[in-house]
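Observations on chain architecture
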Amino acid sequence: MSQESTVPGELGDRALGPVEVPEPGAVTLVVPTFNESANVRRLLHRITESVPARLPCEVVFVDDSTDDTPDVIREAAKDCPFPVTVLHREEAVGGLGGAVVEGIRAASSDWVVVMDGDCRHPPSLVPELVAAGERANAGLVVASRYIGGGSGAGLAGGHRTAVSRGATWLAKALFPRRLRGISDPMSGFFAVRRGAVTAGVLRPLGHEILLELAVRGRPRTVTEVPFVLRDRFAGESEPTAREGMRFLRHLAGLRTESPLARMVVFGLIGLTGFVPNLAALWALTEAGVHYLPAEIVANQFGVAWNFLLIETLLFRERRRHRHWADRTARFTLLANADLVLRLPLIALLVARFGMAALPATALALVITFVLRFVGTEALVYLPSRSRKARSTA
C-alpha cells in the first residue's frame, strides 16, 4: 500500500492538504529511493539548477525507505519551483523496478525520465534525453556509459565494473534482437514515452527495470545518449550475491516467456538431472542394493533436482498458483509416470510398427518428454479452477 503526498514548491510553509494532481509538464522525473535521506536534498538542488529553465517538469519519488527519507524530501521540496510528489510504499513489491513502474503509473507527462536518487545521474542531461527522443520519434532513450562520450567512472572498484560489464554481455547475448541498439541495458538512467509502454505487461524483479522495459515493453524505436556516471554524493551501495541471483532469475524469466523457450530450458534441466540420478544409482548399487529398486530410488534424486531447478528458474512466477506440497506431489507423479509409460510405448513401437529398439527408444523419449513438459505446465503450474474463479470474481 502506498501513501501519497504532493508538495508543490509554491505551497511554501503551508500545511499539506489533500492529495493534488500536478499540472502536466513536459517531463516527469521518477526517482526510486531507499534510505537516501543524505542525497535527496542535493538531488533536488541539482534538478532545480539544471532542468526548470529549459524544460517544465515534475518529480515523483517512489520511496521504500525505512529512514526519514520521505520527510527530508517533503522539507526540501518547499524550495523547489516544480511539483514534487512522494509515494511511500509499505511493501517494496518488485524492488526498485516495481517502484519505477508505480512511478510511471503516477506520471502526468508524456515523457518519463527514470534516475537514481544517489546523485550519480546528472539531471542536466534530462533535456537532451527528451530532445533525442523527440528527434528520433523514439519510445525509449537510454543514457549509456558505453558509447562515445560516456563513462562508468562512478563505479567504484574494478570488480563492480567487471560485474556490470559481465551482466551487460550476458543480457545482450540472451536477447540479441530485443536489445539491438542498446549498448547499456543495465543503465538506470533513461527516458520512456509513457504512451509507448503498458505498465500492466511489466513484471519487474530488482534493479533491471530498463531490461524489463526493453524486452517485455518492446519499444518501437530506441536511441541513446552518452553520459558519465558520477560517484555517489553520500552513502555506499555494494552489489550483493542475493542481487546477483535475483538478476539471473530475472533473465531466466524473461528468456522463457515463449512456450518453445520454456520447453528447451525444461529439457536442459532434465539433462542435468542425470547427474544426481546416476550418482545415487552408483552409491546404492555399491552398497549392495539390487539394481531395480536402486533405479527407482535413484530416479527420485533426479526428480528432486529437476523440481528444484524448475521451481527456481523456469516457473518461479507461477508458484503462487498452488501450494508447494501440491506442486511437489503433482510433479513427482508426472516424473515417475514417465518411467511407467516409456516401456509400454517402446514395446508398442517395436511390435506394432516394426521399429528397431534404438529408434523406438529415442522416439519414446521424445514423446514422453513433450508429454511431461505439457503435463508439468498444465497440471502443476497453471492456476486451479477455484483460484481462477477467485481471481476473476
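My aim in this report is to walk through the structure given alongside it, one point at a time. Computed from a predicted model, the values in this text were never measured in an experiment.

The rules behind each value
- Residues numbered from 1 in each chain as written.
- Predicted model: local features only at pLDDT ≥ 70, side-chain atom pairs only at ≥ 80, totals over all residues.
- Heavy atoms only, no water.
- Helix = DSSP H or I, 4+ residues; strand = E, 2+ residues; numbered from the N terminus.
- Buried < 20%, exposed > 50% of the residue type's maximum accessible area, 1.4 Å probe, protein only.
- Contact = heavy atoms within 4.5 Å.
- Areas by Shrake-Rupley, 256 points an atom, 1.4 Å probe, with all protein chains shown as cover.
- Phe/Tyr/Trp six-rings, centres within 6.5 Å; stacked < 30°, edge-to-face > 60°.
- Core = buried A, V, L, I, M, F, W, Y, C linked by side-chain atoms within 4.5 Å.
- Polar contact = N/O pair within 3.5 Å; in protein donor to acceptor, adjacent residues only side chain to side chain.
- Pairing = 2+ DSSP bridges.
- Patch = residues over 30% accessible without salt bridge, like charges linked within 9 Å, V, L, I, M, F, W, Y side chains within 5 Å.
- Salt bridge = Lys/Arg side-chain N within 4 Å of Asp/Glu carboxyl O.
- Lys, Arg positive; Asp, Glu negative; His and termini not counted.
- Charge placed at Lys NZ, Arg CZ, Asp CG, Glu CD.
- Axes fitted to C-alpha atoms, helices over the stretch in contact; angles between N-to-C directions.
- Parallel < 35°, antiparallel > 145°, perpendicular 65-115°, else oblique.
- Left-handed = near helix turned anticlockwise from the far one by under 90°.

1. Here we look at the overall build of the protein
Broken down by element type, the protein carries 13 helices and eight strands. Taking all 393 residues of the protein together, the buried fraction comes to 46%. Considering only intrachain contacts with a sequence separation of at least 6, the fraction spanning at least 24 residues in the protein is 78%. Only carbon and sulfur atoms are counted for the fraction: they give 61% of the accessible area of the protein, which is about 19900 Å².

2. Quick notes on the packing of aromatic side chains
Across all of its chains, the model carries five aromatic pairs by this definition. When the centroid spacing of 5.8 Å and the interplanar angle of 45° are considered together, the rings of F266 and F369 count as tilted. Residue F266 is located in helix α8 (residues 259–272), and its partner F369 is located in helix α12 (residues 357–380); the two are separated by 103 residues in the primary sequence. Within the aromatic cluster, the residues linked to one another by ring pairs are F266, F369 and F373.

3. Remarks on unusual backbone geometry
Residues other than glycine seldom take positive phi values, yet C119 does so here, at roughly 70°. When you line up the elements, C119 lands in the loop between β5 (111–114) and α4 (126–136). The backbone of N137 shows a phi angle near 50°, a positive value even though the residue is not glycine. Inspection of the secondary structure assignment puts N137 in the loop between α4 and β6 (140–144).

4. Describing the nonpolar core
Core analysis: the biggest nonpolar cluster contains 36 residues, and V27, F61, V84 and L129 have the highest contact counts within it. When residues of this core are traced back to their parent elements, those giving at least two are β2 (27–33), α1 (40–50), β3 (57–63), α2 (69–77), β4 (84–89), β5, α4 and β6. In this structure, V62, V114, V197 and L251 belong to the second largest nonpolar core, which totals 30 residues.

5. Comments concerning the side chain of H88
When you line up the elements, H88 lands in strand β4. Among the residues examined, H88 registers a relative accessible area of 13% and is labelled buried. Among the polar contacts listed, one links the side chain of H88 to the side chain of D63, at a separation of 2.8 Å.

6. Some thoughts on the pairing of β6
Within β6, five of the five residues are buried, which leaves it mostly tucked inside the rest of the structure. Examined bridge by bridge, β6 and strand β7 (residues 190–193) share three bridges and lie antiparallel to one another. For V142, the partnering residue across the bridge sits in β7 and is F190. Both β6 and strand β8 (residues 222–226) contribute to a ladder of five bridges, which runs parallel. What sits directly across from L140, in β8, is V222.

7. Regarding helix α6 (residues 209–217)
Think of an α-helix as 3.6 residues a turn; residues three or four steps apart then line up on the same face. Within α6, nine of the nine residues are buried, which leaves it mostly tucked inside the rest of the structure. Once α6 ends, the next one or two residues include R218, with phi positive near 50°.

8. Focus: a positive patch on the surface
A surface patch of like charges, here positive, comprises R177, R178, R180 and R218. If you trace the backbone, R218 turns up in the loop between α6 and β8.

9. Considering the packing of α8 against α12
One can describe the packing of α8 onto α12 by two numbers: an axis separation of 11 Å at closest approach and a directional angle of 115°. One element, α8, and the other, α12, form an angle in the roughly perpendicular class. With respect to the hand of their crossing, α8 and α12 are arranged in right-handed fashion. When α8 is examined against α12, the residues P259, R262, M263, F266 and G267 are found in contact with a partner set consisting of F369, R372, F373, T376 and E377.

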